[in-house]
Amino acid sequence: MRILFSSLLLLLLYSQAVLSQQEMTYAEKLGFPKGKKVVIFHVDDAGMSFESNEGARKSIHEGVATSCSIMMPCPWASSFVKDAKIDAMDAGLHLTLTSEWKHYRWPPLAGKAAVPGLVDEEGAMWSSVAEVVANASPDEVEIEIRAQIDRALTLGLKPTHMDSHMGTLFYHPPFLERYIKVGIEYGIPVMFPGGNNKLLGISMNSNLIKQLKRQGKYKEGMKLPNNPIMERTPLVARQLWEAGLPVLDDLHTTSGNWSPEYEVSDKELGAYKVEKCKELLKLMEPGLAMVIVHSNGDRNTFDRISGSGKSRYADMLAMTSPELRKFIEDEGIILTTWAEVMDRRKKVK
């Protein structure tokens with residue numbers, strides 16, 4: 001009886017240990033203090049234009065942004081890589097499979113002959129995620145991903161991580177599998193949220209509401225459908241962790257949707273985004289989260305590319321706001337980089 005009791009006690013203790021380990025955030029697994037909010041403020045779209053490069057640099061050197069990622073097929077990518085190497089920036093690859101602007105476009109790095117399914121009638125990448133999913137094969141996607149990594153390595157950049165422009169790689173399971181496969185093969189961390197995903201849920205609902213409003217199908221208070229991607233995250237996260245790569249607890253992607261109901265100046269929009277960032281950080285649960293912004297240094301030329309110039313300039317103003325920095329310090333929020341996160345992952349047994 002005593003042996004049986006001891007066995008049951010050991011089994012109970014083991015079960016509790018396993019449960020406790022499962023309840024740990026990825027931030028805790030990486031050695032960050034329990035209960036702390038750890039954030040990567042991340043600037044997307046570096047390399048897309050001169051203004052995009054300027055916004056990324058200012059947001060990191062003068063603000064609270066800690067990381068960025070580069071669109072390797074775009075005209076200003078090599079310029080930003082040179083700066084990133086000189087300044088030892090936390091710079092990754094913004095894996096690009098779309099070319100969404102009407103007059104400012106780029107082709108795939110692998111070339112039309114190698115990836116015809118990624119090329120539209122203008123010889124550029126498709127404008128939308130849906131068109132990529134409809135026309136490109138997983139093999140072509142992997143070829144292009146590798147071409148973008150190869151260009152970065154050729155330029156002497158060791159990417160600190162990889163993520164996905166417009167989320168294209170997350171919209172089709174076979175594409176996601178190639179993204180994970182290549183990241184594991186190269187040992188490059190891939191952006192993937194596998195924890196509580198509270199902010200990710202808010203982001204996905206925001207995008208869905210925006211889409212439904214555009215279609216005239218949204219009614220205030222309506223119940224939104226579940227997203228199948230959310231159901232897959234724990235399994236993919238476990239695969240990445242077991243392969244020796246870090247995993248995010250959460251992800252926010254839709255700061256570009258932040259806009260008041262009335263017209264405001266650039267400066268006022270920047271202040272508005274500071275308040276939205278503060279709200280977001282209060283909503284965030286303890287763990288490691290990545291918050292995506294799209295910073296531009298000015299609007300003079302970028303307004304000819306896209307109507308998002310004002311929002312992107314406001315993102316830069318928010319990232320460089322002393323008020324936001326003070327809030328982060330007062331709240332005890334820890335800012336980190338992908339390089340630090342990977343370094344911590346290497347030390348976890």
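One can find the structure itself at the top, above this paragraph.
Because the structure is a prediction, the values reported are computed rather than measured.

**Student:** Whenever I open this one, the overall build of the protein confuses me. Can you help?
**Tutor:** Scanning the protein for helices and strands turns up 13 helices and seven strands. When burial is assessed residue by residue, the protein has 50% of its 349 residues classed as buried. When the accessible area of the protein is evaluated, it comes to approximately 16,800 Å², of which 54% is carbon and sulfur surface.

**Student:** Is there a simple way to think about the pattern of salt bridges in this case?
**Tutor:** Oppositely charged side chains can form a pair if their charged atoms are brought close together. In this structure the tally under the stated criterion is 21 salt bridges. Among the ionic pairs, Glu-323 bridges to Lys-278, the shortest N-O distance being 2.8 Å. Here the residue Glu-323 occupies a position in helix 12 (residues 322–330), and Lys-278 occupies one in helix 10 (residues 266–283), the gap between them amounting to 45 residues. A residue is classified by how much of its surface remains accessible, and Glu-323, at 42% relative accessible area, is partly exposed. For Lys-278, a relative accessible area of 14% corresponds to the buried category. Linked by salt bridges that have partners in common, Asp-139, Glu-142, Arg-146, Arg-178, Lys-181 and Glu-185 make up one network.

**Student:** I tried to follow helix 11 (residues 309–319) on my own but got confused; where do I start?
**Tutor:** An α-helical segment advances 3.6 residues per turn. Residues three or four places apart therefore align on the same side. The buried count for helix 11 comes to nine of eleven residues, which makes it a mostly enclosed element. Taken together, the buried positions of helix 11 are occupied by Gly-309, Lys-310, Ser-311, Arg-312, Ala-314, Asp-315, Met-316, Ala-318 and Met-319. Where helix 11 is buried, its residues touch strand 1 (37–46), helix 3 (50–61), helix 10, strand 6 (287–293) and helix 12.

**Student:** How should I be thinking about the packing of aromatic side chains in this particular structure?
**Tutor:** Two aromatic rings are characterised by how far apart their centres lie and by the angle between their planes. Counted by the stated rule, this structure contains five aromatic pairs. Here Tyr-26 and Trp-241 contribute two aromatic rings whose centre-to-centre distance is 5.4 Å and whose plane-to-plane angle is 55°, an arrangement assigned as tilted. Taken as a pair, Tyr-26 in helix 2 (residues 26–29) and Trp-241 in helix 9 (residues 228–242) lie far apart in primary sequence, 215 residues in all. Trp-241 carries the same exposure label as Tyr-26, and that label is buried. Aromatic rings pair up to connect Phe-170, Tyr-179 and Phe-192 into one cluster. Positioned above the aromatic ring of Trp-241 is the side chain of Lys-29, whose terminal nitrogen or guanidinium carbon lies 5.7 Å from the ring centre. Across the ring face of Trp-241, the terminal group of Arg-345 is positioned such that the distance to the ring centre comes to 3.9 Å.

**Student:** Before we go on, may I ask you to explain the pairing of strand 6 in this structure?
**Tutor:** Looking along a regular strand, one sees the side chains alternate between the two faces of the sheet. The buried count for strand 6 comes to seven of seven residues, which makes it a mostly enclosed element. Every second residue of strand 6 is oriented toward a common face, with Gly-287, Ala-289, Val-291 and Val-293 on one face and Leu-288, Met-290 and Ile-292 on the other, all of them buried. One ladder, built from seven bridges, connects strand 1 with strand 6; its direction is parallel. If you follow Val-39 over to strand 6, its bridge partner there is Ala-289. The pairing of strand 5 (residues 250–252) with strand 6 spans three bridges and is classified as parallel. Along strand 6, the bridge assignment pairs Asp-250 with Ala-289.

**Student:** Could you clarify how one ought to interpret unusual backbone geometry in this entry?
**Tutor:** Most of the time, phi is negative for any residue but glycine, and the peptide bond is trans. The backbone phi angle of Met-166 is positive, close to 60°, even though this residue is not glycine. Position of Met-166 among the secondary structure elements: in the loop between strand 4 (162–164) and helix 7 (173–186). Backbone geometry at Asn-197 places phi at a positive 55°, although glycine is not the residue there.

Criteria and thresholds
- Residues numbered from 1 in each chain as written.
- Predicted model: local features only at pLDDT ≥ 70, side-chain atom pairs only at ≥ 80, totals over all residues.
- Heavy atoms only, no water.
- Helix = DSSP H or I, 4+ residues; strand = E, 2+ residues; numbered from the N terminus.
- Buried < 20%, exposed > 50% of the residue type's maximum accessible area, 1.4 Å probe, protein only.
- Areas by Shrake-Rupley, 256 points an atom, 1.4 Å probe, with all protein chains shown as cover.
- Salt bridge = Lys/Arg side-chain N within 4 Å of Asp/Glu carboxyl O.
- Contact = heavy atoms within 4.5 Å.
- Phe/Tyr/Trp six-rings, centres within 6.5 Å; stacked < 30°, edge-to-face > 60°.
- Lys NZ or Arg CZ within 6 Å of the ring centre and 35° of its normal.
- Pairing = 2+ DSSP bridges.

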